[in-house]
Amino acid sequence: MTTTTTSTLAAALADIAAALAARTVVPYVGPGCFALLPDCPIPRNSAELVQRLNAKVAAPGRIRANLTAVAQYIESRRHRKTLEAILNDIFRADVAPTPVHAWLAALPAPELIVDVWYDGVLEGLLSDRADRTWGQIQGLSHPQSTGEWVRHYAPDGSAVAAEAAAAWQTVLYKPSGSVSPAGNYLISDSDFVEVLTEIDIQSPIPPEVQRRRAGKHFLYLGCRFDAEIQRTFARQIAKRSSGRHWAVIEGELSKNEVRFLEQQGIVRIDLPLEEAVTRIGEAVTPPSPRP
């Protein structure tokens, strides 16, 4: 990992802007983006989500802070459909786009955007763009599937064949699933056991995502890497991409995060998220000179 100084920060922002203009960046979006909303109706991180789940079905004290374990408890005690209904209720709330989501949707058609949270904000913004073709690929839990790892969806929410994705200018990849259009969720212990058993050999990563990530630089926005599942997904999704990436993370890092960033060749941008996005955007599209 390289921690940015004042001089290296300017260079890193310029590098990101140049790569965005060349469409060689894969934005990788996490739930932390929603911290930019003062009154956010959906959870802004795993801790907030697990609190919402416990409010619906109280889990035993020893697991109450563990999201995947609480989801598994609800699934085992109340049935998978109960868990899905609770998640649908939480994430169908009307939530405004954050500055990060609005900026990403306005970019010149990235080939691939990865969004690891369960909301449908980017889907809604991309649906409003009449100037591009796009679609999404969502991860599935095995209880929700007939053996496949993912499903492909057109902008109108209809399921389409995997071959359709090759024609999309932008692929929105939701590896953990999404509330929209079908309420697909990877969230419980059993969900992740299935995926993590195979992810090292890349079986759960769709071929179109593997093709589009090749040689690309990842830009992590609203993501933290202090949990093993977060690090594993980020590592495996970015496998066989370029060796140079960036993550906007303000403030102190955990030891595991420092080690992960160093191992993955990720330059840390130590700025508030909204400021970083504003500065990158200005570098991509510099203001017109005054007459």
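**Student:** Just to check I follow, could you spell out the layout of surface pockets for this structure?
**Tutor:** Any space left empty among the atoms is revealed by the rolling of a water-sized probe across them. In this structure, the largest pocket occupies an estimated 670 Å³ of space. Lining of the largest pocket is provided by 29 residues; of these, Ser 46, Leu 67, Trp 117, Ala 227 and Gln 230 occupy positions nearest its centre. With four residues, helix 2 (residues 46-56) is the largest single contributor of residues to the lining of the largest pocket. Residues belonging to the lining of the largest pocket are distributed by class as follows: 16 nonpolar, nine polar and four charged. By volume, the second largest pocket is sized at about 210 Å³. What lines the second largest pocket is Gly 32, Ala 35, Leu 36, Gly 222, Cys 223, Arg 224, Val 248, Ile 249, Glu 250, Leu 271, Pro 272 and Leu 273. Partitioning the lining of the second largest pocket into residue classes produces eight nonpolar, two polar and two charged.

**Student:** Sorry if this is basic, but what is going on with empty space enclosed by the protein here?
**Tutor:** Under the counting rule described, the total for this entry stands at three cavities of 30 Å³ or more. There is about 80 Å³ of room inside the largest cavity. Along the wall of the largest cavity there are 13 residues; nearest its centre are Tyr 173, Pro 175, Leu 186, Val 195 and Pro 204. A class-by-class count of the residues in the lining of the largest cavity yields twelve nonpolar, one polar and no charged. Here the second largest cavity is characterised by a volume of approximately 40 Å³. Residue classes in the lining of the second largest cavity are distributed as six nonpolar, no polar and one charged.

**Student:** So what exactly am I meant to see when it comes to unusual backbone geometry here?
**Tutor:** Comment: phi is negative for the bulk of residues other than glycine, and the bulk of peptide bonds are trans. Residue Pro 181 is bonded to the preceding Ser 180 through a cis peptide linkage, with omega at 5°. Counting through the fold element by element, Pro 181 comes out in the loop between strand 8 (177-178) and strand 9 (184-185). For His 79, which is not a glycine, the phi torsion comes out positive at approximately 90°. For His 79, the position within the fold is in the loop between helix 3 (67-78) and helix 4 (80-91). Look at His 79 and you get partly exposed, because its relative accessible area is 48%. With phi around 60°, Arg 240 is a residue other than glycine that occupies positive phi space. Considering the arrangement of structural elements, one finds Arg 240 in the loop between helix 9 (228-237) and strand 11 (245-248). Arg 240 sits in the exposed class, given a relative accessible area of 58%.

The rules behind each value
- Residues numbered from 1 in each chain as written.
- Predicted model: local features only at pLDDT ≥ 70, side-chain atom pairs only at ≥ 80, totals over all residues.
- Heavy atoms only, no water.
- 1 Å grid on protein atoms, 1.4 Å probe; cavity = no way out; pocket = protein on both sides within 12 Å on 5 of 7 lines; lining within 4 Å.
- Points joined across faces, edges and corners; volume = space filled by probe spheres on them.
- Helix = DSSP H or I, 4+ residues; strand = E, 2+ residues; numbered from the N terminus.
- Nonpolar A, V, L, I, M, F, W, Y, C, P; charged D, E, K, R; others polar.
- Buried < 20%, exposed > 50% of the residue type's maximum accessible area, 1.4 Å probe, protein only.

Nothing here speaks to function; it is geometry throughout.
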